[in-house]
Amino acid sequence: ISDNSINHRGDIVTKQQGLSLIELIIVVAILGVLSTIGFLNLRRDTPQVREAARILAADLMRARTEAIRLNTTVAVKIDASANSYSMFLDSDRNGTSDDSKTIMQRVVTGDFPLADVTTTLTNGLIWFDVRGLPRDSAGNFSDATVNVQSKQDSSYQLVVALSSQGRIEVRQ
């Protein structure tokens, strides 16, 4: 069996075998881009930061729902130094629990040791009124954020944004 063939004019044509240099360079470049994207998504801290931000957003939604359901003020206190937050009833809005019972407490570093929490909230406190609207200690509210960032790489962070209408979302 020969690698040669005869074209329609009667000329002998050799078949090309293998890849040209340009084709090889293109394949290597594509593999490089794909492996870089895959490496960035496989960092150990990325899933933990993502999950911590998602759970924090869900817990803020729970506080909002509990305020409406119980027809009272529910507070969420974010303690950045302890990397934790707690949710409790606080009808007089003094920043402490009404009945010394915490509805829920979560330590971010315990569940997610590679994630840190910081906030723009004054004293780390936010209240949800009986209509589920977020308020600060003065009774008004502007948009606030809670940052969940990687302990390994502080440039990687997600933002849990809270709007004055009570909308809560996780952003890059």
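In case you missed it, the structure is sitting above this.
To start, this report covers the structure provided alongside it. Treat the numbers as computed from the prediction; the structure is a model and nothing was measured.

Conventions we followed
- Residues numbered from 1 in each chain as written.
- Predicted model: local features only at pLDDT ≥ 70, side-chain atom pairs only at ≥ 80, totals over all residues.
- Heavy atoms only, no water.
- Helix = DSSP H or I, 4+ residues; strand = E, 2+ residues; numbered from the N terminus.
- Contact = heavy atoms within 4.5 Å.
- Areas by Shrake-Rupley, 256 points an atom, 1.4 Å probe, with all protein chains shown as cover.
- Buried < 20%, exposed > 50% of the residue type's maximum accessible area, 1.4 Å probe, protein only.
- Pairing = 2+ DSSP bridges.
- Axes fitted to C-alpha atoms, helices over the stretch in contact; angles between N-to-C directions.
- Patch = residues over 30% accessible without salt bridge, like charges linked within 9 Å, V, L, I, M, F, W, Y side chains within 5 Å.
- Salt bridge = Lys/Arg side-chain N within 4 Å of Asp/Glu carboxyl O.
- Core = buried A, V, L, I, M, F, W, Y, C linked by side-chain atoms within 4.5 Å.
- Polar contact = N/O pair within 3.5 Å; in protein donor to acceptor, adjacent residues only side chain to side chain.

## Side note on the overall build of the protein chain
Then step 1. When helices and strands are tallied, the protein chain shows 3 helices and 11 strands.
Then step 2. Each helix (α) and strand (β) of the protein chain, taken in turn from the N terminus, gives the series β-β-α-α-β-β-β-α-β-β-β-β-β-β.
Then step 3. Within the protein chain, counting contacts between residues at least 6 apart in sequence, those at least 24 apart form 54% of the total.
Then step 4. Accessible surface computed for the protein chain: about 10,500 Å², of which carbon and sulfur atoms make up 54%.

## A closer look at the pairing of strand E4 (residues 84-89)
Working note: regular strand, side chains alternate between the two faces of the sheet.
Then step 1. By the criterion of burial, E4 is predominantly enclosed, with 6 of the 6 residues buried.
Then step 2. For strand E3 (residues 74-79) and E4, the ladder comprises 6 bridges, and the chain directions are antiparallel. Bridged to Val 76 within E4 is Met 87.
Then step 3. Counting the residues between successive antiparallel strands, the hairpin from E3 to E4 contains 4 residues, one of them, Asn 83, with a positive phi of roughly 55°.

## Observations concerning the sheet that holds strand E9 (residues 144-150)
Then step 1. Taken together, the 4 strands give an open sheet; going across it, the order is E6-E9-E10-E11, and neighbouring strands pair in antiparallel fashion. Of all the strands in the sheet, just strand E6 (115-119) and strand E11 (168-171) have a single pairing partner and so form its edges. Between one strand axis and the next, the sheet turns by 20° as a mean value, whatever way the strands run.

## Thoughts on the environment of Ile 55
Then step 1. By the secondary structure assignment, Ile 55 is in helix H2 (residues 45-70).
Then step 2. Sequence separation between Ile 55 and Val 170 is 115 residues, and the spatial gap between their C-alpha atoms is 9.9 Å.

## Some remarks on the environment of Leu 56
Then step 1. With respect to the helices and strands, Leu 56 occurs in helix H2.
Then step 2. By relative accessible area, which is 2% here, Leu 56 ends up buried.
Then step 3. Separated by 61 residues in sequence, Leu 56 and Val 117 place their C-alpha atoms 9.8 Å apart.
Then step 4. In contact with Leu 56, not counting residues within four places along its chain, are Tyr 85, Val 146, Val 148 and Val 160.

## Observations concerning a nonpolar patch on the surface
Then step 1. On the surface, a cluster of nonpolar side chains totalling about 520 Å² of accessible area is made up of Leu 19, Leu 21, Leu 24, Ile 25 and Val 28.
Then step 2. Locating Leu 19 in the fold gives a position in the loop between strand E2 (12-14) and helix H1 (21-41).

## Focus on the nonpolar core
Then step 1. Membership of the largest hydrophobic core comes to 30 residues, with the highest contact counts inside it found for Val 76, Phe 128, Val 148 and Val 160.
Then step 2. Mapped onto this core, the elements with two or more residues apiece are H2, E3, E4, E6, strand E7 (125-128), E9 and strand E10 (157-162).
Then step 3. Broken down by element, the residue count for this core peaks at 9 residues, all from H2.
Then step 4. Here Val 148 is in contact with Val 49, Ala 52, Ala 53, Leu 56, Ala 115, Asp 116, Val 117, Gln 157, Leu 158 and Val 160, once residues within four sequence places are set aside.

## Some words on the pattern of salt bridges
Then step 1. For the structure on display, the rule yields 5 salt bridges.
Then step 2. The shortest N-O distance in the salt bridge between Glu 66 and Arg 69 comes to 2.8 Å. With Glu 66 and Arg 69 both in helix H2 and 3 residues apart, this pair spans about one turn of that helix.
Then step 3. When the shortest N-O distance is used, the salt bridge between Asp 129 and Arg 135 registers 3.9 Å.
Then step 4. If you follow the salt bridges from partner to partner, you end up with Asp 129, Arg 131 and Arg 135 in one network.

## Examining the environment of Arg 167
Then step 1. Its location among the elements puts Arg 167 in the loop between E10 and E11.
Then step 2. C-alpha separation for the pair Arg 167 and Asp 143, spaced 24 residues apart in sequence, amounts to 9.7 Å.
Then step 3. With residues near it in sequence (within four places) discarded, Arg 167 still touches Ala 161 and Leu 162.
Then step 4. Polar side-chain contacts of Arg 167 include one of 3.0 Å to the side chain of Gln 165.

Treat this as a map of the structure, not an account of what it does.
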